[in-house]
Amino acid sequence: QVQLVESGGGLVQAGGSLRLSCAASGSIYSINDMGWYRQAPGKQRELVATITSGGLTNYADSVKGRFTISRDNAKNTVYLQMNSLKPEDPAVYYCNADVRRSWSSRYLHVWGQGTLVTVSS
């Protein structure tokens, strides 16, 4: 089994910062892309940012310039530094990773359980 465990969510004032972490554990041979998604009440889950194993990044337009995704491949961990948080950013933030459990297996698309981010005005 492979698990993704997020941490770092919480309540912050508008304009403030939070750093989310997501650590993958279990039977892991390699991890390809990792990413963060978010889902606000009544809305569909949306992409926030992704990062390849080589460090190439992609961001939603709504977070460009404010959020930074990074990863530590040695720790199988991905981070999301969120700065200048806005009232439209609150959501449950989910970590995602494409994980291979052995050299011969296919990549599995694994999700974390989510961490809540709340922004007060």
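Anything mentioned here points back to the structure above.
Residues numbered from 1 in each chain as written. Predicted model: local features only at pLDDT ≥ 70, side-chain atom pairs only at ≥ 80, totals over all residues. Heavy atoms only, no water.

1. Let's talk about the sheet that holds strand E7 (residues 67–72)
Read from one edge of the open sheet, 4 strands run E1-E3-E8-E7, paired in antiparallel fashion. Strand pairing shows two members of the sheet lacking a second neighbour, strand E1 (2–7) and E7, which therefore form its edges. Here the average twist between neighbouring strands, direction ignored, is 15°. Here E7 runs beside strand E8 (residues 77–82); their pairing, made up of 6 bridges, is antiparallel. Looking at E8, one finds that Asp72 is bridged to Thr77. (Pairing = 2+ DSSP bridges. Helix = DSSP H or I, 4+ residues; strand = E, 2+ residues; numbered from the N terminus. Axes fitted to C-alpha atoms, helices over the stretch in contact; angles between N-to-C directions.)

2. Describing the pattern of salt bridges
In this structure the tally under the stated criterion is 4 salt bridges. Asp89 is paired through a salt bridge with Arg38; the nearest N and O atoms lie 3.0 Å apart. On the criterion of sequence distance, the pair formed by Asp89 in the loop between E8 and strand E9 (91–100) and Arg38 in strand E4 (residues 30–39) is long-range, its members being 51 residues apart. Assessed through its relative accessible area of 5%, Arg38 is described here as buried. Here Asp61 and Lys64 are joined by a salt bridge, their closest N and O atoms 3.2 Å apart. Because the salt bridges share partners, they merge into one network encompassing Arg38, Glu46, Arg66 and Asp89. (Salt bridge = Lys/Arg side-chain N within 4 Å of Asp/Glu carboxyl O. Buried < 20%, exposed > 50% of the residue type's maximum accessible area, 1.4 Å probe, protein only.)

3. As for unusual backbone geometry
In this structure, Asn76 takes a positive phi of about 50° despite not being glycine. Counting through the fold element by element, Asn76 comes out in the loop between E7 and E8. Residues other than glycine seldom take positive phi values, yet Ser84 does so here, at roughly 50°. Note that Ser84 resides in the loop between E8 and E9. For Ser84, a relative accessible area of 39% corresponds to the partly exposed category.

4. Side note on the pairing of strand E5 (residues 46–51)
Remember that side chains alternate between the two faces of the sheet whenever the strand is regular. Relative to E5, E4 is paired through 5 bridges, and the arrangement is antiparallel. Bridge pairing in E5 places Trp36 opposite Ala49. Hairpin connection between E4 and E5: a loop of 6 residues separates the two successive antiparallel strands, and Gly42 in this loop has a positive phi of roughly 80°. In this sheet, strand E6 (residues 57–59) lies alongside E5 in antiparallel orientation, the contact comprising 3 bridges. Within E6, the position partnered with Ala49 by the bridge is Tyr59. Where E5 folds back on E6, the antiparallel hairpin that results is connected by 5 residues, among which Gly55 adopts a positive phi of roughly 100°.

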